[in-house]
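A look at the structure
These are the residues of each chain, in order.
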Amino acid sequence: MPKKTINIPNLNCGHCVHTVEGELKELKGMIAAKADHTQKTAIIEWEEPPLNWEDIATLLKEIGYPAQI
Ligand SMILES: [Cu+2]
């Protein structure tokens, strides 16, 4: 399965991690989303077809966690 680490600078605590993981896991095709507020990253794993990165960036921005994808 494809895997990618994305940088999310606004991840500050466990609550942020919970929020971001929950939103990412809702996305179609997403298999796993593991966020880490000490690293300020989220590792995501998905199945084909490819994820729409623009949609993911928009989603994260809307909930207050703009990402560098
Ligand atoms: Cu937080």
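Just above, that's the structure.
These notes cover the structure that comes with them. Bear in mind the structure is a predicted one, so any value in this text is a computation, not a measurement. Going along each chain's sequence as written, the residues are numbered from 1 onward. Residues qualify for local features only when their pLDDT is at least 70, as the model is predicted, and side-chain atom pairs are given and counted only at 80 or more; totals for whole chains, interfaces and linings, by contrast, use all residues. Where side-chain values are given, they derive from all heavy atoms of the structure, hydrogens and water being excluded.

Observations regarding helix α2 (residues 53–62)
Those residues of α2 that fall on the buried side of the exposure criterion are Ile-56, Leu-59 and Leu-60. On an axial view of α2, the arc spanned by its buried residues comes to 95 degrees, and they lie on one face. In α2, the exposed positions that point more than 90 degrees away from the buried face belong to Glu-54, Lys-61 and Glu-62. N or O atoms within 3.5 Å of each other form a polar contact, as long as, within protein, one can give a hydrogen and the other can take it, and as long as residues adjacent in sequence are counted only when both atoms are side-chain atoms. For helices the rule is a DSSP run of H or I covering at least 4 residues; for strands it is a run of E covering at least 2, with both sets numbered from the N terminus onward. The N-cap of α2, judged by a side-chain oxygen 3.0 Å from the amide nitrogen of Glu-54 a few residues on, is Asn-52. Positive backbone phi, approximately 95 degrees, marks Gly-64, located one or two places after α2. Three labels apply to residues, based on accessible area from a 1.4 Å probe with only protein chains included: buried if under 20% of the type maximum, exposed if over 50%, partly exposed otherwise in between. Here the arc refers to the directions that run from the helix axis out to each C-beta atom.

With respect to the nonpolar core
Generally speaking, a soluble globular protein has its nonpolar side chains buried in company with each other. We call a set of buried Ala, Val, Leu, Ile, Met, Phe, Trp, Tyr and Cys residues a nonpolar core when their side-chain atoms join them within 4.5 Å. In this structure, Ile-8, Leu-11, Val-20, Leu-24, Ile-44 and Leu-60 are the most contacted members of the largest nonpolar core, which totals 17 residues. Residue assignment for this core shows that the elements contributing at least two residues are α1 (14–26), β2 (30–36), β3 (41–46) and α2. The leading source of residues in this core is α1, at four residues.

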